[in-house]
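# Observations on the model geometry
If you want the building blocks of each chain, they are given just below.
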Amino acid sequence: MPRAARKTHEAQHLYWLFTMILREQVRLAPLTTLGVGGPAQYFVEATTVAEVREGLEFAKDRNLPEFVLGGGSNVVVADEGFAGLVLKISLRGIESHNHVKFRFYRVAAGEEWDPFVARAVEEGCAGVECLSGIPGTVGGTPVQNVGAYGQDVSETIVGVKTINRHSLEVVDFNPVQCAFGYRSSMFHSTAEQRYVILSVEFRLRRDGAPTLTYPDVRRALGSVAEPSLRQVRDAVLGIRRSKSMVLDPDDENSHSAGSFFKNPIVTQRKYDTIAEKAQLRNLAMPSYPAGDGWRKLPAGWLVEHAGFAKGYTRGAVGISSRHSLAIVNRGGATAADIVALKDDIQARVRNEFGIELEPEPVFVGF
Ligand code: NAP
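Residues numbered from 1 in each chain as written. Predicted model: local features only at pLDDT ≥ 70, side-chain atom pairs only at ≥ 80, totals over all residues. Heavy atoms only, no water.

Scanning the protein chain for helices and strands turns up eight helices and 22 strands. The C-alpha radius of gyration computed for the protein chain amounts to 21 Å, which stays within 12% of the reference 21 Å derived for 366 residues, consistent with globular compactness. Counting only C-alpha atoms, the protein chain reaches 70 × 55 × 40 Å along its principal axes. Residue burial in the protein chain is summarised as follows: out of 366 residues, 51% are buried. Taking the intrachain contacts of the protein chain between residues at least 6 apart in sequence as the baseline, contacts between residues at least 24 apart amount to 60%. By element, 48% of the accessible surface of the protein chain is carried by carbon and sulfur atoms, the whole surface being about 17,000 Å². (Helix = DSSP H or I, 4+ residues; strand = E, 2+ residues; numbered from the N terminus. Rg over C-alpha atoms; globule rule 2.2 N^0.38 Å. Buried < 20%, exposed > 50% of the residue type's maximum accessible area, 1.4 Å probe, protein only. Contact = heavy atoms within 4.5 Å. Areas by Shrake-Rupley, 256 points an atom, 1.4 Å probe, with all protein chains shown as cover.)

Printed below as a string of structure tokens:
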């Protein structure tokens, strides 16, 4: 390996190449919330933009596939691991400044999402309070336009700084260019695999009122008529905890990749067919409006009524006892166990309701 000093360290090879530290055969399971999967052939934890670029260059020079890892909260790694470079984005730092009634935050991609939300709430800035308790890093949030309880990040993002994986140029995108949609953006559609997100800029409202559109949040707030940002954050955290959707090492239900399936959005016509199938079983299919002629279906309801109740267990895997959308590793599960359960759920939902559930996590090494 040119320009590299070589050393052995804890049964791993460490290469010093430029400034990045390149490791081999690094176990990925402990870096994910689901806790399954084999090793990365090569692994770089990038703490500077230069290291991100070096990692990408290394992979490009050797024609290796690369996978960009953030908080590991939405990934399933194959038991065989990943034959390529895993680039863990650990860029840190938050800069902020005020402008008129807004505060702008430029947040490095490797910052944990929830501490950023906590800081914004403490600083009296509105716009992300309903997104409290979501695991993962800031860099992952624009990719699927993370949203919950009536807010999504596209409402407050004003810019995304990226590096092009091929040209290695730094490229800035405005929100229109990001092409945000419901739980989607160009980063996992038209421009999938093209950019690594380096930082995200948010524009939050100083002394703004919290968003209170979601009935669950209102209910959790009880009789509080004009809640503060902090009260809304606490209410959302309470709801999420009650579903084991806040990471807690002592809660076996939280050893998951969060919601495993997307909530399907279907045409009114498709909805009518599904509702009819449900009615034959004396079930009333819940749904929500999703724009003209479209309905949104709760995937959790479909999973449950296809025969996978909360608490369902099959060996080392199962369904969270508090949330029917979370497939959990009950200890010692393999990726194959997880995938087998996912396949069965999809098949049963297809048979029972005629609808294809789309998994939400990213599958690595499959
Ligand atoms: P939930 O609260 O049981 O809701 C399931 C589905 O029903 C969601 O699609 C939700 O829409 C919809 N829904 C519920 N009440 C609604 C209402 N009053 N008006 C319109 N739509 C309504 O879902 P959950 O799985 O426990 O998740 C809680 C929240 O976290 C939801 O907002 C969910 O979307 C969000 N979440 C987001 C991601 C992500 O960004 N990737 C992953 C997991 C969960 P909405 O999706 O529009 O809220």
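Each domain of the protein chain was delimited in the assignment, giving domain 1 (5–89), domain 2 (94–242) and domain 3 (252–364). With centres defined by C-alpha atoms, the gap from domain 1 to domain 2 works out at 27 Å. With 13 residues of domain 1 at the interface, the matching set in domain 2 holds 15 residues. Between domain 1 and domain 2 the total buried area reaches about 1,200 Å² when both faces are included, carbon and sulfur atoms providing 65% of it. Looking only at domain 1, the three residues that lose the most surface to domain 2 are Arg53, Leu56 and Ile89, adding up to 36% of its buried area. Remark: the boundary between domain 1 and domain 2 carries one salt bridge. We note a salt bridge from Arg165 to Glu66, for which the minimum N-O separation is 3.1 Å. Elements represented by at least two residues in the side of domain 1 that touches domain 2 include exactly helix 1 (49–61) and strand 5 (66–69). (Domains from an automatic or database assignment. Buried area = accessible area lost by both parts, 1.4 Å probe. Salt bridge = Lys/Arg side-chain N within 4 Å of Asp/Glu carboxyl O.)

Here we come to the environment of Arg206. Along the chain, Arg206 turns up in strand 15 (residues 195–206). Overall, the relative accessible area of 35% leaves Arg206 in the partly exposed class. As a C-alpha pair, Arg206 and Gly181 span 25 residues in sequence and 26 Å in three-dimensional space. Setting aside anything within four residues of it in sequence, one finds Arg206 in contact with Asn98, Val100, Lys101, Phe102, Arg103, Gly124 and Cys125. Within the local environment of Arg206, its side chain forms a polar contact with the backbone oxygen of Val100, the two atoms lying 2.6 Å apart. (Polar contact = N/O pair within 3.5 Å; in protein donor to acceptor, adjacent residues only side chain to side chain.)

A word on the nonpolar core. Membership of the largest hydrophobic core comes to 59 residues, with the highest contact counts inside it found for Val52, Trp113, Phe187, Phe202, Leu204 and Val217. Here the element with the most residues in this core is strand 15; it accounts for seven residues. A domain-level breakdown of this core finds at least three residues from each of domain 1 (5–89) and domain 2 (94–242). Filtering out sequence-adjacent residues up to four positions away, Val217 remains in contact with Tyr149, Leu212, Val232, Ala235, Val236 and Ile239. Membership of the second largest hydrophobic core comes to 34 residues, among which are Phe261, Ala299, Ala335 and Val349. (Core = buried A, V, L, I, M, F, W, Y, C linked by side-chain atoms within 4.5 Å.)

What follows deals with the site of the ligand. The environment of the ligand is made up of 17 residues, and the closest members are Gln144, Tyr182, Lys243, Asn263 and Lys296. Here Lys243 contributes a side-chain N or O atom positioned 2.5 Å from an oxygen atom of the ligand. In the complex, 80% of the free accessible area of the ligand, which totals 790 Å², lies under the protein chains. Counting only domains with at least three residues in the shell around the ligand, you end up with domain 2 (94–242) and domain 3 (252–364). (Near = heavy atom within 4 Å.)

Let us now look at the sheet that holds strand 21 (residues 327–329). Across the sheet, which stays open at both edges, the three strands sit in the order 19-20-21 with antiparallel pairing between neighbours. Edge positions in the sheet fall to strand 19 (313–314) and strand 21, since each has one partner strand and no second. Running at roughly 40° to strand 20 (residues 317–319), helix 8 (residues 335–353) makes contact with strand 19, strand 20 and strand 21 of the sheet. (Pairing = 2+ DSSP bridges. Axes fitted to C-alpha atoms, helices over the stretch in contact; angles between N-to-C directions.)

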